[in-house]
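Chain by chain, the residues run as shown.
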Amino acid sequence: MKISLLGCGWLGLPLSKKLLEEGHIIKGSTTSMEKLSKLSEAGLIPYRVKLFAEGVQGDLSAFLEDSELLIIAVPPGLRSDPEANFIGKIRMLKDFIEKSSIKKVIFVSATSVYEDTEEFPVYTEEDSPNGTAENSLQLKSAENELKNSEHYETTIVRFGGLFGPGRHPVNYLSGRKNIKDPKAPVNLIHLDDCIGIISKIIKKEAWGDTFNAVYPEHPTKAAYYSRIAEEKNLVIPEFDHEKVSKGKRIESAALKEVLGYTFQQGIY
């Protein structure tokens with residue numbers, strides 16, 4: 001299959017390598033001219049594409065041309081820029097998709113579409129996204145925008161907190177004080193499983209589905225990050241136990257029921 005992979009970053013680039021190994025032809029995009037050669041060296045057909053709510057830099061039409069599947073692995077960027085108009089970018093992208101040969105879309109979303117509360121609710125794919133924060137609202141809107149089309153089918157994958165080579169939330173938390181929500185359950189997933197799940201979706205042709213993707217072990221935030229910091233010889237973070245914790249537990253029921261997926265990596 002010819003696949004266009006929008007966003008060849010920490011997740012997208014190793015994912016593209018896995019899909020190449022499985023025999024697919026991959027068009028990969030980056031926003032950086034400097035990274036084009038890196039994509040070529042990895043065996044991808046490289047494109048520089050940068051999305052804006054008002055338009056696009058780069059030849060997005062050529063990037064989508066002749067591909068059957070589009071994987072959208074572009075982070076919303078709302079943490080670094082709270083004013084970012086992610087849904088505007090998705091609406092602009094959708095116009096291009098509907099004029100292209102794309103028949104299937106995989107959209108990388110996040111479990112932040114679900115609300116944290118003091119009751120630590122358990123969410124499955126049967127639960128409607130209820131997040132009220134700005135990033136939650138934009139992600140929910142993006143999911144709905146992409147699903148609402150007669151031109152292609154969209155599969156949504158909501159990943160929990162990502163970790164893997166060179167990336168772990170504990171590196172950000174180490175040494176910090178008064179961290180909130182110490183009793184909240186963690187919802188994490190390793191890069192290898194992110195790649196494995198997307199690969200399995202393609203193999204099983206699980207189009208039009210929604211998947212929560214979180215490892216099925218949920219220690220508390222304080223217990224987990226204290227242990228990981230100690231194992232990595234990092235300064236153990238200090239948590240605020242005075243205020244009531246808010247959180248949630250994400251269950252990935254559809255991964256087993258629809259894909260028959262078995263996790264490759266634990267969280268320790």
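Quick note: structure is the one above.
First things first, this report covers the structure right here in the doc. (Residues numbered from 1 in each chain as written. Predicted model: local features only at pLDDT ≥ 70, side-chain atom pairs only at ≥ 80, totals over all residues. Heavy atoms only, no water.)

**Considerations on the overall build of the chain**
The helix and strand inventory of the chain stands at 9 helices and 13 strands. Once the C-alpha set of the chain is aligned to its principal axes, its extents read approximately 55 × 40 × 35 Å. Counting across all 268 residues of the chain, residues that qualify as buried make up 49%. With an accessible surface of roughly 13100 Å², the chain has 46% of that area assigned to carbon and sulfur atoms. Between the centroid of the 34 positive side chains of the chain and the centroid of its 38 negative side chains there is a distance of 3 Å. (Helix = DSSP H or I, 4+ residues; strand = E, 2+ residues; numbered from the N terminus. Buried < 20%, exposed > 50% of the residue type's maximum accessible area, 1.4 Å probe, protein only. Areas by Shrake-Rupley, 256 points an atom, 1.4 Å probe, with all protein chains shown as cover. Lys, Arg positive; Asp, Glu negative; His and termini not counted. Charge placed at Lys NZ, Arg CZ, Asp CG, Glu CD.)

**What to know about the packing of aromatic side chains**
Working definition: an aromatic ring pair is given by the centre-to-centre distance plus the angle between the planes. Under the definition given, this model contains 7 aromatic pairs. Measuring from centroid to centroid gives 4.6 Å for Tyr114 and Tyr123, while their planes differ by 15°, and the two rings are stacked. Members of the aromatic cluster, joined through ring pairs, are Tyr215, Tyr261 and Phe263. One cation-aromatic arrangement involves Arg167 over Trp10; the distance from NZ or CZ to the ring centre is 4.7 Å. In this structure, Arg227 is placed above the aromatic ring of Tyr268, and the distance from its NZ or CZ to the ring centre is 3.8 Å. (Phe/Tyr/Trp six-rings, centres within 6.5 Å; stacked < 30°, edge-to-face > 60°. Lys NZ or Arg CZ within 6 Å of the ring centre and 35° of its normal.)

**What to know about helix α7 (residues 191-204)**
In this model α7 runs 20 Å from its N-terminal to its C-terminal C-alpha over 14 residues, within 8% of the 20 Å that 1.5 Å per residue would give. When you tally the buried positions in α7, you get 10 out of 14 residues, the bulk of the element. Those residues of α7 that sit buried are Leu191, Asp193, Cys194, Ile195, Gly196, Ile197, Ile198, Ser199, Ile201 and Ile202. Directly after α7, the chain includes Glu205, whose backbone phi takes a positive value near 55°. (Expected span 1.5 Å × (residues − 1).)

**Describing the sheet that holds strand β3 (residues 45-48)**
Taken in spatial order, the 7 strands make up an open sheet running β3-β2-β1-β6-β7-β9-β12, and their pairing is parallel. Of all the strands in the sheet, just β3 and β12 (210-213) have a single pairing partner and so form its edges. Looking at each pair of strands side by side, their axes are set apart by 20° on average, direction ignored. Pairing between strand β6 (residues 69-72) and strand β7 (residues 104-110): 4 bridges, direction parallel. In the strand pairing of β7, Ile71 is matched with Ile106. Helix α4 (residues 86-98) rests against β1 (2-6), β6 and β7 of the sheet, and its axis sits at about 170° to β7. (Pairing = 2+ DSSP bridges. Axes fitted to C-alpha atoms, helices over the stretch in contact; angles between N-to-C directions. Contact = heavy atoms within 4.5 Å.)

**Some remarks on the pairing of strand β2 (residues 25-30)**
Within β2, 5 of the 6 residues are buried, which leaves it mostly tucked inside the rest of the structure. Inspection of the sheet shows β1 paired to β2 by 4 bridges, in the parallel sense. Counterpart to Ser4 in the pairing with β2 is Lys27. Regarding the hand of the β-α-β motif, the stretch spanning β1, helix α1 (residues 12-21) and β2 is right-handed. Inspection of the sheet shows β2 paired to β3 by 4 bridges, in the parallel sense. Looking across to β3, one finds that Lys27 is bridged to Ile45. (Right-handed = clockwise from strand over helix to strand, strands pointing away.)

**Things to note about the side chain of Lys221**
Residue position: Lys221 is located in helix α8 (residues 221-231). The side chain of Lys221 is buried and forms no salt bridge, while Asp181, the nearest opposite charge, is found at 4.6 Å. If sequence neighbours within four positions are ignored, Lys221 has contacts with Ile179, Lys180, Asp181, Pro182, Ala184, Val186 and Phe239. (Salt bridge = Lys/Arg side-chain N within 4 Å of Asp/Glu carboxyl O.)

**So, helix α5 (residues 134-147)**
For α5, built from 14 residues, the straight-helix expectation of 20 Å at 1.5 Å per residue is met to within 8% by its first-to-last C-alpha distance of 20 Å. Listed as buried for α5 are Ser136, Gln138, Leu139, Lys140, Ala142, Glu143 and Leu146. Packed against the buried residues of α5 are β6, α4, β7 and β9 (153-159).

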